[in-house]
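Coordinate inspection notes
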Amino acid sequence: MQRIALLAVVASLALPAAAADEDLKALRAEIAQMKQTYEQRIAALERRLVDTEAARDKNQPQQDDGTRGGTAGGFNPDVSLILQGQYRRMKDVPERSITGYWPAGGHSHGGDERGLTLDHSELVVSANIDPYFRGMLNVALKDGEAEVEEAYFQTLGLGRGFTLKGGRFLSGIGYINEQHPHAWDFADAPLMSKALFGEHYGQDGLQLKWVAPTDLFMEFGAELGRGAGFPGTDGNRNSAGTSALFAHVGDDVGRSHAWRAGLSWLSTRAKDREAHFEDTDAAGPNEVEGLFTGRSRTLVADFVWKWAPNGNPKERNFKFQTELFRRTEGGDLACVTDAATSPCLGGVALGDLRSRQTGGYAQAVWQFMPQWSVGYRFDWLNSGSKRYDPATVFAALDPANAYFTGYRPKRHTLMADWSQSEFSRLRLQFARDKSMQGVTDNQVALQYIMSLGAHGAHKF
Amino acid sequence: MKRLLILFLLVALPVRAELRVFACEPEWASLVKELGGDMVSAYSATHALQDPHRIEARPSLIAKARNAQLVVCTGADLEAGWLPPVLRESGNAAVQPGRSGYFEAAQQVVRLEVPTRLDRAEGDVHAAGNPHIQLDPRNLLAVAGPLSKRLGELDAANAAHYAARQQAFADRLQLAIARWEREAAQLRGMRVVAQHRSFSYLFNWLGLIEAGTLEPKPGIEPGSTHLAQLLGQVKAKQARLIVRTPFDSPRPGEWLAERSGIPLVTLPFTVGGSERAHDLFGLFDDTMAQLRKAVP
């Protein structure tokens, strides 16, 4: 258009200079022709513009009715990978255990290795299966092994507050039990978790949960499982080996405070649950297998309180968390070995064994400025009361065995961590560990936790 | 036993006639109120002083989601860090993504800043583009239609009521948009520094130009190196204003304002972000007033 206008101006300026009408006519014809050409070209361009816009609209992400989840447009399924490693400085203790407690054995994510270590890497894959189910897999990868931490489906469409979970999942008992190591506020698990379950209690089974239709958050859950994990043993039976019940209550207080409290109960059966003991062989002590067969019941109370100014945890926040437990076990003790001179040779029954043990932990983590937080944790356990017939038991097993020792294990832990973004974290931790009688272990850990991939949204 | 308990609770609970809506952010609670009037009760999971990216999946939110008939959220991954566990734990089938009780506002508008490169080295980028869509009132118009339709589907008896209110709201908003645009005409072309990309839609609507962000990358805290660099740039780029949301830390903005002499303004960002921003109209009235006050 502009060019036409320009030409017109040029033409009009040139007019007085034009000598003859002939020239004028020719010029007018020429201008008219040019105008026509330009108009055609402009029309063509406008058509192309309309076409391009239409094509762009087609390429826009399809505008739907808004029911679709945000992640649906992303990568399906959600995949995340968590890399973890530590440098640990601690005493060289050959067989670490907690004095007064039956060694949980089972699996733990390291924590016993000294020096530079690679903790397991977590691979998490999750997605909605269809409108009715969601699936999730969490595999812990270490040298030569891939351990299935969780592999479960969960209902989405049951409604009325019900959710059913099936497969392998971390039990809903207590608070920290459902958290994977990367979500912990410290570089290792509380002593309580180690004493009770080895690290955490996983179920191979079913969980039914119900959220009450009230303004106050109330949640009730029941689990049935195989019960192969400590304190139970794999029972090779058709019925369930373990059952658990839990209830959670929670709410906000004002804009800045939120809390959750819970009570959980776990019952499981053990058959020939093994632990290393030393016998009373006159020819010198042998390492024999102590065997427990009976019931184990655990009661856990948990409480979490979080503070964030105006409900905005990004700048500053504070978290207090505590759990208490009482475990009662009742059954029979036996010992077995094939050492020829041992009193346990071939398997000997040692009568009734009943125990009641208590303990817990309390921790506080304070993020005092963006990216930085510090925390303190206190662990305490009580080896509690044990009832057995000393004459029978100590005829075969050395009374000096740590399990029979009355002791109150304790640990103090201090940590500081730095998270440059939501996805990376470095942590320095000091611990004074007195979980073994006669040993004061001053530990230092330097840890990294890096998350790749999907946003791992965490529960409260 | 549990069945009996449920039956008891179902009978015992007071019958509430209103449609119960769980909104993730205050702007959607406000919009639902505009569209539903007395026929809806709207609960906002967050308030204006909270960063909607960083919310804890608190028990109280699960309890609210449990009883909701409709969940209205921004989407575009804004709530990815907390909404999925809240909805999953609620055991409420009706409001799960994909069901009619779930509504994402960002799906209704053309989103800005859709990244061409998805890499966390670029910070916490949202694959679906910038989710802070509420500060362009034309987006509210685009959301209001489908949202009103959805209310009518869930509560068919009152569908006509919702449709009428939507029409009235759209008329009022269109008039207001014309007014706001007139008021903001003088601001066109002004260069502004923002803390996070929270105001992109506002800038886009009013023709303001972003002259940098206090965050070096989305979701990464402003550091001293980046701020020092920015200080050099804002003068060269002739930035005339620094804006922040009520929940952003004031420190980086104050630092830059002090050294550059460019005024720092706190815009309400959403409903409840200032005293005047008590509803969607107040939100824009106050935003306009703040901008015009800062740049006479």
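When you tally the buried positions in helix α4 (residues 83-90) of chain B, you get 7 out of 8 residues, the bulk of the element. For α4 of chain B, the secondary structure elements touched by its buried residues are β4 (133-142), β5 (145-155) and β7 (202-211) of chain A together with α3 (59-67) and β3 (70-73) of chain B. Downstream of α4 of chain B by one or two residues, G91 of chain B has phi in the positive range, about 65°.

Bringing the domain arrangement of chain A into the picture now. For chain A, the domain assignment lists domain 1 (2-59) and domain 2 (87-453). For domain 1 of chain A and domain 2 of chain A, the distance between their C-alpha centroids amounts to 82 Å.

All names here are of chain B. Domain parsing of chain B yields domain 1 (17-109 + 120-177) and domain 2 (184-294). The C-alpha centroid of domain 2 is placed 25 Å from the C-alpha centroid of domain 1. Contact with domain 1, which involves 26 residues of that partner, is made by 24 residues of domain 2. Along the lines of polarity and charge, the residues of the side of domain 1 that touches domain 2 split into 10 nonpolar, 8 polar and 8 charged.

Residue and element names in this part refer to chain B. Here 4 strands make up an open sheet; going across it, the order is β6-β5-β7-β8 and the pairing parallel. The strands lining the two open edges of the sheet, one partner per strand, are β6 (209-213) and β8 (264-266). For this sheet, the mean angle separating the axes of adjacent strands, direction not counted, is 35°. Each of β5 (191-194), β7 (241-244) and β8 is contacted by helix α9 (residues 250-260), which is oriented at about 175° to β7, the strand it contacts most.

All names here are of chain B. With respect to topology, 4 strands assemble into an open sheet ordered β2-β1-β3-β4, the strand pairing being parallel. Strands at the two margins of the open sheet, each flanked by one partner only, are β2 (40-44) and β4 (102-104). The sheet shows a mean angle of 20° between the axes of neighbouring strands, taken without regard to direction. In terms of strand pairing, strand β1 (residues 19-23) meets β2 through 5 bridges, oriented parallel. By the bridge assignment, A23 is partnered in β2 with S44. Sheet strands in contact with helix α2 (residues 26-36) are β1, β2 and β3, and its direction is about 175° off that of β2.

Let us look at the packing of helix α6 (residues 159-183) of chain B against helix α10 (residues 280-294) of chain B. Residues and elements named next belong to chain B. Where α6 meets α10, the closest approach of the two axes is 10 Å, and the angle between their N-to-C directions is 5°. In terms of orientation, α6 and α10 fall into the roughly parallel class. Contact residues: α6 offers A176, W180 and E183, while α10 offers F281, F284, M288 and R292. Looking at the contact of α6 with α10 residue by residue, the classes come out as 5 nonpolar, no polar and 2 charged.

Procedures and definitions
Residues numbered from 1 in each chain as written. Chains lettered and ligands numbered in written order. Predicted model: local features only at pLDDT ≥ 70, side-chain atom pairs only at ≥ 80, totals over all residues. Buried ≥ 20, exposed ≤ 12 C-beta atoms within 10 Å, placed from the backbone. Helix = DSSP H or I, 4+ residues; strand = E, 2+ residues; numbered from the N terminus. Contact = placed C-beta atoms within 7 Å. Domains from an automatic or database assignment. Nonpolar A, V, L, I, M, F, W, Y, C, P; charged D, E, K, R; others polar. Pairing = 2+ DSSP bridges. Axes fitted to C-alpha atoms, helices over the stretch in contact; angles between N-to-C directions. Parallel < 35°, antiparallel > 145°, perpendicular 65-115°, else oblique.

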